[in-house]
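Descriptive analysis of the structure
Residues per chain are reported as follows:
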Amino acid sequence: MKTTRKFPKHFLWGGATAANQFEGAYLEAGKGLSCSDVLKAGESGTLRSLTYRRADKTAGEAGIFSMEQFPKGAVPDVIEGCYYPNHTGSDFYHHYKEDIALMAEMGFRCYRMSIAWSRVYPNGDDQEPNEAGLAFYDSVFDELEKYGIEPVVTLSHYESPLNLTKKWDSWADRRNIDCFMRYCKTVFERYKGRVRYWITFNEINSIVHGGWLEAGVISCEKPILEQAAYHQFLAGAMAVKLARDIDPLAKVGCMIAYTPAYPYSCKPYDTLGCLEYMNESFFFFSDVMARGYYPGRKLKALERNGITLRTEEGDREILRQGTVDYIAISYYMSSVYSSSGEGMEATRGNMLIGYKNPYLPASQWGWQIDPTGLRVALNQLYDRYQKPIFIVENGLGSVDQVEADGTIEDDYRISYLKAHIEQMYEAIATDGVEVMGYTPWGCIDLVSASTGQMSKRYGFVYVDRDDDGHGDFARKKKKSFHWYRQVIASDGEQL
């Protein structure tokens with residue numbers, strides 16, 4: 001007997017972008033520089049670097065995940081003659097009406113976006129907000145309301161104001177919390193009743209790989225990164241409580257980049273090592289935000305490494321009171337853990353380095369494709385927390401070819417998303433996981449966070465822009481656009 005695939009009644013179908021990769025207009029209408037505005041473009045297989053000026057005004061650059069080249073006393077800065085793709089992004093700032101109309105045509109029920117902190121508080125520590133920045137988001141929300149699209153808004157998505165890095169190394173300093181809370185209070189009050197779903201920090205656990213993107217911190221030193229993460233945990237918990245005080249109907253979630261790892265073999269040390277990897281890279285972060293305290297294993301790890309966090313009286317209560325309503329994740333791939341790594345091939349994906357799984361295919365950028373891993377991820381997180389899960393990023397980065405007739409036949413993207421939606425459905429219908437919604441990443445083409453490329457495309461809509469900054473930003477529907485419209489209209493039944 002044929003069964004009908006049926007998603008929950010109020011399931012949030014949509015798409016996702018981030019201000020720093022999508023908006024452009026990087027200094028327009030009073031916006032300040034952010035930590036993403038000093039990132040150059042990389043290329044396939046090469047991660048990006050940030051640019052700086054030394055005390056003698058000479059320029060240089062350092063790898064964002066390898067800060068050894070960053071001289072003491074140097075200042076991150078925009079250097080004349082360098083190309084910074086985030087400065088223009090996909091120019092959503094000037095195309096938002098067109099883009100939201102395209103989202104509506106696909107049938108989006110929600111749109112996961114971010115507010116650029118540096119557009120609202122250009123220096124981060126300003127006493128008053130930039131009204132022009134707030135007005136821009138008013139206009140965006142007006143347009144979303146016009147089509148009945150629910151905004152899902154991330155407060156901090158790789159967008160720390162650069163001035164805070166220059167003043168005190170951003171999130172490495174506790175003073176950053178006060179600046180963030182001023183920003184949160186402003187947007188919570190301004191958009192009360194218009195935004196029902198908030199996310200605190202995008203992929204907060206990405207700080208384990210380096211401090212720049214996640215926290216605007218010029219360091220890869222573990223004690224500094226642990227302290228910065230602690231400050232973000234406190235700020236996130238305070239934001240949860242503040243949002244509820246201002247708008248009791250608001251829901252606030254955390255977000256982690258989730259890449260489940262499989263033990264390479266049944267050797268006990270592969271299994272134990274894999275467990276430790278999962279705990280340190282993922283569960284530690286979600287434990288603090290969903291349970292409200294540092295797990296014992298993390299406290300022991302800090303002790304073993306001689307790391308003492310700088311805390312204040314009342315911090316434990318802040319974490320306890322500020323647990324999130326739901327857990328948002330990005331899921332692109334799985335990884336493999338080996339205790340020895342002997343004879344194994346390294347692979348990279350979503351800002352991590354792991355080992356290649358011989359049973360899985362890979363994308364053009366070497367990210368291994370594992371739809372079943374999404375079902376594994378959903379089960380792991382739901383079993384652990386019994387909180388709703390929101391898949392706010394999932395997708396395939398690929399080079400798209402515009403044919404002579406103007407069509408873009410991206411069947412590979414359709415195949416990837418179809419397989420992941422099928423596994424998401426099994427997690428809901430078979431395993432009983434509560435999944436709130438699904439917003440594929442880069443629903444309209446944008447700048448890649450890891451490489452800065454435009455040629456690494458994720459969207460249902462093609463944007464005329466290349467890796468060197470050429471193109472007029474014209475939008476063009478891909479084959480996947482029409483496919484995803486059908487998916488939403490049928491509530492996932494027609495894949």
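Below, the structure is looked at part by part. This structure is a prediction, so every number in the text was calculated from the model and none was measured.

Another aspect to go through is the packing of aromatic side chains. Counted under the stated rule, the structure contains 40 aromatic pairs. Measuring from centroid to centroid gives 5.0 Å for Phe180 and Phe201, while their planes differ by 20 degrees, and the two rings are stacked. Placement of Phe180 in helix α6 (residues 175-190) and of Phe201 in strand β7 (residues 197-201) is noted, with a sequence separation of 21 residues between them. Exposure class is identical for Phe180 and Phe201. Each is buried. With a centroid separation of 5.2 Å and an interplanar angle of 65 degrees, the aromatic rings of Phe284 and Tyr294 are classed as edge-to-face. Of the two residues, Phe284 sits in helix α9 (residues 268-291) while Tyr294 sits in the loop between α9 and α10 (296-304), which places them ten residues apart along the sequence. Judged by relative accessible area, Phe284 falls into the buried class, the value being 2%. By way of ring pairs, the aromatic residues Phe7, Phe11, Trp13, Phe108, Tyr425, Tyr438, Phe460, Trp483 and Tyr484 are connected into one cluster. Of note, Arg119 hangs over the ring of Phe136, and the distance from its end group to the ring centre comes to 5.7 Å.

Let us now look at the pattern of salt bridges. Applying the stated criterion across every chain, the model contains 41 salt bridges. Between Glu393 and Arg112 there is a salt bridge, with its nearest N and O atoms 2.9 Å apart. A residue pair is termed long-range when its members are at least 10 positions apart, and Glu393 in strand β14 (residues 389-393) and Arg112 in strand β5 (residues 110-114) qualify at 281 residues. Given a relative accessible area of 4%, Glu393 falls into the buried group. Salt bridges sharing common partners tie together Glu131, Asp138, Asp142, Glu145, Arg190 and Arg194.

What follows deals with the sheet that holds β5. Taken in spatial order, the eight strands close into a barrel running β1-β5-β6-β7-β8-β10-β14-β15, and their pairing is parallel. Put simply, the sheet's adjacent strands are angled 30 degrees from each other on average, direction ignored. Docked against the sheet, helix α4 (residues 131-146) engages β5 and β6 (150-156), running at close to 170 degrees with respect to β5.

This part is about the layout of surface pockets. Considering only enclosed or pocket space, the largest pocket measures out at about 390 Å³ in volume. If you go around the largest pocket, you meet 16 residues; those closest to its centre are Tyr230, Tyr294, Leu299, Thr311 and Arg316. Of all the secondary-structure elements, those providing two or more residues to the lining of the largest pocket are α10 and α11 (315-321). Among the residues making up the lining of the largest pocket, the classes are represented as eight nonpolar, four polar and four charged. A volume near 190 Å³ is recorded for the second largest pocket. Ile207, Val208, Lys222, Glu226 and Glu280 are the residues nearest the centre of the second largest pocket, which is lined by 13 residues in total. A per-class count over the lining of the second largest pocket returns seven nonpolar, two polar and four charged.

Between helix α2 (residues 92-106) and α4, the shortest axis-to-axis distance is 9 Å and the interhelical angle comes to 10 degrees. Relative to α4, α2 is oriented roughly parallel. Contacts between α2 and α4 involve Phe92, Tyr93, Tyr96, Lys97 and Ile100 on the former and, on the latter, Phe136, Ser139, Val140, Glu143 and Leu144. Its residues assigned to classes, the contact of α2 with α4 shows seven nonpolar, one polar and two charged.

Rules of the game
Residues numbered from 1 in each chain as written. Predicted model: local features only at pLDDT ≥ 70, side-chain atom pairs only at ≥ 80, totals over all residues. Heavy atoms only, no water. Phe/Tyr/Trp six-rings, centres within 6.5 Å; stacked < 30°, edge-to-face > 60°. Helix = DSSP H or I, 4+ residues; strand = E, 2+ residues; numbered from the N terminus. Buried < 20%, exposed > 50% of the residue type's maximum accessible area, 1.4 Å probe, protein only. Lys NZ or Arg CZ within 6 Å of the ring centre and 35° of its normal. Salt bridge = Lys/Arg side-chain N within 4 Å of Asp/Glu carboxyl O. Pairing = 2+ DSSP bridges. Axes fitted to C-alpha atoms, helices over the stretch in contact; angles between N-to-C directions. Contact = heavy atoms within 4.5 Å. 1 Å grid on protein atoms, 1.4 Å probe; cavity = no way out; pocket = protein on both sides within 12 Å on 5 of 7 lines; lining within 4 Å. Points joined across faces, edges and corners; volume = space filled by probe spheres on them. Nonpolar A, V, L, I, M, F, W, Y, C, P; charged D, E, K, R; others polar. Parallel < 35°, antiparallel > 145°, perpendicular 65-115°, else oblique.

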